[in-house]
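# Notes for the structure review
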Amino acid sequence: MAKIVGVFNGQDIHEVVLTSQTGVSVAILTYGALIRDWRVPVAGEMRPVVLGFDEFSSYPDHSPYFGAIAGRVANRIGGARFTLDGAVYDLPANEGPNHLHGGPEGIAHQIWRIAEESETSVTLTLFSPDGAMGYPGNLEIAVTYRLEGNRLEIDFAAETDRPTPVNIVQHNYFNLMGLGDVLDHRLSFAAGAYTELGEGQIPTGAILPTKGTELDFREARTMRQTDGSGQKIDCNFVLDTRRDQTEPVAMAEAPDGSLTLRIYTDQPGLQVYNGWKLDVAVSGLDGAHYHAFSGLCLEDQNFPDAINNPHFPSSVVTPEELYRHWCAIEIG
C-alpha cells in the first residue's frame, strides 16, 4: 500500500512499490507520477537500473526529469509558441527561447492522485486545467503502470474539452550496470531515419536517413568513440512503420551481458539522450554520483515540435477523441 515519503507545497507525497513474481520491484511517487527506483535481481543482488534519489526531497530542485511523466507536451516546442485553429499560444520558455517538457510547472512537477493500486499495478490521475502552462483546454490524464515478471507496461490516456497538443512521455534514465557510464551499452533501434535538428535542438522539419551517419544504430553497437570519448546523442529517431507491438523498437545490452532492455511502443518516434549533460549536485540512489553519460533516456513519443511541423505526425487531440499511448519495457 502507498506510504507517505515527503511533502510538497503542503501536500503529502506517496510512494507505491510494485513487485513481481520474478523479484523485480518498481517504486513510483505521486510527484510527477515518476519511477523513483527500479530494481532487478542479478546474481543474487538487487541492481538499480534507473537513475533516481533515495529521498523525495532531492527531486524538486535536483532532478533532470528522473523517471517522470513529462508533458503536457514532452520534448521541445520551438520559440515556446504554436498556432492552433487560428489562435496563437505563448508558453513559458524554460530552455533558452524554447519550451521543454511542458514547462517549469508541467505535469512532471504536479502531484498526481492514486486512483487504483495493487501489488502489481497502479493507476494515477491528474487534472490539468485550461491555461495551465499556456495550453488550451481542460485535460484529464491517467497513467497505469502494470508489472508482470520482468516487463513493465505503461498505458497513458487523456481527454480534453478543447483541441490541444498532447505528447505524454515516461522519462527514465537507464543504466543496466547500476553505476558508471553507459557508453559501453550495446544499442540498436528500429529506425532508418531521424528528424534533423537546428539551433536549440529544434527540428528543421527535414527527415533524413541514418545510413552512413553516426546515428545509425540499426546494427547493435556502443556509443564509445574510437578515442575513448563518448558520442553525444540527443535526437529523435523516426521508428520504422513496418512493425507491430510484438517487435521491440529499441534494445540495450549491459556491457557484461547480464541484462538486456527491450522497449515496445505504438508511438512514431524515439528520443534518445545519453545523458552527456548530466551533472547532479546531490547523491543519487545508494549514494551514487551522476555525471556525464551516467544514464540513457529512451523516450518513445511523438516527434519534437510536431505542433509547428504540419508534415510530422499530429500531436493535436480534440474532444471527439481519446489520447492513447502504450509502451512496455522489459529488463532481464
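Scroll up a little and you will see the structure.
We now turn to the structure provided with this report.

So, how was this worked out
The numbering scheme is per chain: residues are counted from 1 as the chain's sequence reads. Since the coordinates come from a predicted model, pLDDT governs what is reported: local features require at least 70, and pairs of side-chain atoms require 80 or more to be given and counted, while whole-chain, interface and lining totals use all residues. Only hydrogens and water are set aside when side-chain values are computed; all heavy atoms of the structure are taken into account. In this description a helix means any DSSP run of H or I spanning at least four residues, a strand means any run of E spanning at least two, and both kinds are numbered starting from the N terminus. In this treatment the radius of gyration is a C-alpha quantity, and the globule benchmark scales as 2.2 Å times the residue count to the 0.38 power. Exposure categories follow from relative accessible area, calculated using a 1.4 Å probe and restricted to protein chains: below 20% of the type maximum is buried, above 50% is exposed, and the middle band is partly exposed. Using a 1.4 Å probe, the Shrake-Rupley method yields the accessible areas, and only the shown protein chains count as cover for residues. In this scheme, strands are said to pair when DSSP sees at least two bridges between them. Each axis is a line fitted through C-alpha atoms, taken for helices only over the stretch in contact, and angles between the N-to-C directions span 0 to 180 degrees. The term salt bridge refers to a side-chain nitrogen of Lys or Arg lying within 4 Å of a carboxyl oxygen of Asp or Glu. Any two residues whose heavy atoms approach within 4.5 Å are treated as being in contact.

## What to know about the overall build of the protein chain
In terms of helices and strands, the protein chain carries one helix and 26 strands. Relative to the compact-globule value of 20 Å for 332 residues, the protein chain shows a C-alpha radius of gyration of 19 Å, a close match. Dimensions along the principal axes, computed over C-alpha positions, put the protein chain at roughly 60 × 50 × 40 Å. Within the protein chain, the fraction of its 332 residues that count as buried is 54%. When the accessible surface of the protein chain is split by element, carbon and sulfur atoms take 48% of a total near 13,500 Å².

## A look at the sheet that holds strand S22 (residues 260-265)
Judged by pairing direction, the sheet is antiparallel, and its eight strands sit side by side in the order S11-S12-S13-S14-S26-S22-S21-S17 without closing on themselves. Across the chains shown, the open sheet's two edge strands, defined by having one partner strand only, are strand S11 (113-117) and strand S17 (186-189). For this sheet the average axis-to-axis angle between neighbouring strands, irrespective of direction, equals 15°. Sheet topology note: the strand S13 (residues 139-148)/strand S14 (residues 151-160) ladder contains 10 bridges and is antiparallel. In the sheet register, Ile141 faces S14, and the bridge partner there is Ala158.

## Here we look at the pattern of salt bridges
Opposite charge on two side chains lets them pair, provided their charged atoms get close. One pass over the full model with this rule turns up 14 salt bridges. Note that Asp181 and Arg224 form a salt bridge whose closest N and O atoms lie 3.4 Å from each other. Linking Asp181 in the loop between strand S16 (169-171) and S17 with Arg224 in the loop between strand S19 (203-209) and strand S20 (234-239), this pair joins segments that are 43 residues apart in sequence. Classification of Asp181 by relative accessible area gives partly exposed; the value is 28%. The class for Arg224 is partly exposed, based on a relative accessible area of 29%. Each of Arg76, Glu95, Asp234 and Lys277 takes part in salt bridges that share partners, so that together they form one network.

## Structural notes on the environment of Gln201
Here Gln201 lies in the loop between strand S18 (191-197) and S19. Here the alpha-carbon distance between Gln201 and Gly275, two residues 74 residues apart in the chain, equals 15 Å. Those residues in contact with Gln201 that lie beyond four places of it in its chain are Arg76 and Asp234.

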